[in-house]
Amino acid sequence: MEFCSTRNSNLRVSASQAIAQGLSAEGGLFVPCEFPQVDARELCGLAYPALARRVLAAFLTDYDPGQLEEFARQVYGEPFGGKAGHLAKVQDGLYSLELWHGPTCAFKDYALQLMPRLLVQAKKNLGRDETTLILVATSGDTGKAALEGYRDIPGIKIAVFYPDHGTSEIQRLQMATQQGNNVAVYAVDGNFDDAQTGVKRVFGDAAVAQVLARKNVRLSSANSINWGRLVPQIVYYFAAYGQLMRSGAVQYGEPVDFCVPTGNFGDILAGYYAKRMGLPVGRLICASNRNKVLTDFLTTGLYNARREFYRTTSPSMDILVSSNLERLLWHMTGSDQAVAGFMEGLARDGHYQVDDATMEKIRQVFAAGWADDGQAAREIRSRYEQDGYLCDTHTAVAFKVAQEQRSERPMVVLSTASPFKFPRDVLAALGETAPESDFAAMEQLTARTGCAAPRQLADLQGKPERFRDVIRPDEIGKTALDLA
Ligand SMILES: *Cc1c(COP(=O)(O)O)cnc(C)c1O
């Protein structure tokens, strides 16, 4: 299997190169040049680690299959407590794919637990021996999931930068208490954009690259522009379908719709790959919060990032530039020139317009809707009171949109975070007065619902904080050099 760049279809690299490099030299993203065909029915019958191995092996053809099997066993067994890809029934025909049973209680664990192993192996496959320094700007979930995934991995160091006072207390403590000998965490005096701009500047700084090269260090990123983050997410679409088959809810071949709370368009794009590999996916429904740039795009064909940015109760979806949409546009247009044109428009003017024929193709698979914070809160309450099902603020956005888009087909909502990651907002949604402290809120949420908080979150209370440094955005470069 070869990978090409979305902005240069003639450029072809191996899976190892795509994963080690992250971004193509001219700024494009790596995409598989074709969709591998698998026996989808057979895959749906496999246990999660075996299924993961098969999906990975279909794309990562220059990796040793025995090695992939080992990785899948290590990652999707014990760390997910036997609940990898767990599907819960909410109502007849409505299901929740609970993706938050991993070490950091967010779906990003699926990719970020595996990705370090893929990166180490990619370097081996390519005969490279440099140290990789991973820099991550995060508004919360990605930083913790990346720290947990990369900790103590040989040949890799990781530094995470988050906005000071810009995360929940739980999210901050998850990072500040991080264990591992190759990790560093900094609060940045500014907002998420300041942290992200600071990190991007380091990636583009030739002087920094030169100093690092002398030390045999190469910078890398852990965000979802890397193909290695997408491929593990394809697996759970098969796992969900398999559970629907075993419970008798579908016969193989009947289409199932998926509704996905979306930010960077990575999770939902993985569903598109599953469909193109032969899984009977019906429609993929993109659920946005008030930052509904994707819903507007899917409705009108105009992608317009020049709009007001809102902070919502689903912060991991507070995104105006959804990087992975570029991959879908390449698959749908088949034209690197068209994609390069769109991305130029986005960089230059903050918007681009996609032609009707392409939008027609996209709309055959994708639908969209959105919910504001109030609607999401009401959805949390309805699902709890009517169905006895407790969900977080991100998942609630998708449940709201899923209700609007339901047909006679089964509908699976991707549940991307544990409700205990956002205990104050969830409590408020249930009509309670939320206490100031996240830990008190967790206890109150347990008392109110009888649901237990995940141990890894409850245990944060009283854990020693290892990282307390606050730096200015313009100090990120120097900090990175010191770490190397
Ligand atoms: C990252 C994240 C999302 C958005 O996923 P994308 O792949 O960026 O679309 C949704 N919910 C939660 C809880 C997340 O952490």
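Below is a summary of the structure that appears in this document. (Residues numbered from 1 in each chain as written. Predicted model: local features only at pLDDT ≥ 70, side-chain atom pairs only at ≥ 80, totals over all residues. Heavy atoms only, no water.)

As for the packing of aromatic side chains
This is how it is decided: Between the rings of Phe, Tyr and Trp (Trp by its six-membered ring), a pair exists once the centres lie within 6.5 Å; its type follows the angle of the planes, with under 30 degrees stacked, over 60 edge-to-face, and the other angles tilted. Where helices and strands are cited, they refer to DSSP runs of H or I of at least four residues and of E of at least two residues respectively, numbered from the N terminus. Any residue under 20% of the maximum accessible area for its type is buried, any over 50% is exposed, and the rest in between are partly exposed; the area is computed with a 1.4 Å probe on protein chains only. By definition, being over a ring means that NZ of Lys or CZ of Arg is both within 6 Å of the ring centre and within 35 degrees of the ring normal.
Tallied over the full model, the rule gives 24 aromatic pairs. With centroids separated by 5.8 Å and ring planes inclined at 50°, the aromatic side chains of F35 and Y273 adopt a geometry described as tilted. Placement of the pair is F35 in the loop between β3 (30-32) and α2 (40-44) and Y273 in helix α12 (residues 266-276), with a sequence separation of 238 residues. Residue classification places F35 among the buried residues on the basis of a relative accessible area of 15%. Joined through ring pairs, the aromatic side chains of F3, F35, F59, W227, F265, Y272, Y273 and F366 make up one cluster. The cationic tip of R290 hangs over the ring face of Y310; the distance from NZ or CZ to the ring centre is 3.5 Å. Of note, K292 hangs over the ring of W370, and the distance from its end group to the ring centre comes to 5.3 Å.

Observations concerning the sheet that holds strand β1 (residues 3-5)
Spelled out, the test is: A pair of strands is considered paired only if DSSP assigns at least 2 bridges between the two. Only the stretch in contact is used when fitting a helix axis, every axis being a line fitted to C-alpha atoms; angles between N-to-C directions are given from 0 to 180 degrees.
Pairing within the open sheet is antiparallel, and its 3 strands lie in the order β2-β1-β3. With one partner strand each, in any of the chains shown, β2 (8-13) and β3 form the two edges of the open sheet. Here the strands of the sheet are splayed against their neighbours by 40° on average, with no regard to which way each runs.

Some words on the site of the ligand
For clarity, the threshold we go by: Being near a molecule or strand, for a residue, comes down to having at least one heavy atom within 4 Å of it. N or O atoms closer than or at 3.5 Å make up a polar contact, with two conditions inside protein: a donor-capable atom paired with an acceptor-capable one, and, for residues adjacent in sequence, both atoms drawn from side chains. Using a 1.4 Å probe, accessible areas were evaluated by the Shrake-Rupley method; residue-level cover was limited to the displayed protein chains. Under this grouping Gly is polar, as are all residues other than the nonpolar Ala, Val, Leu, Ile, Met, Phe, Trp, Tyr, Cys and Pro and the charged Asp, Glu, Lys and Arg.
The local shell around the ligand holds 15 residues, among which K108, D141, G263, N264 and T416 are the closest. Here D267 contributes a backbone N or O atom positioned 2.9 Å from an oxygen atom of the ligand. Its free accessible area being 390 Å², the ligand has 96% of it covered by the protein chains. Here the residues of the shell around the ligand sort into 5 nonpolar, 7 polar and 3 charged.

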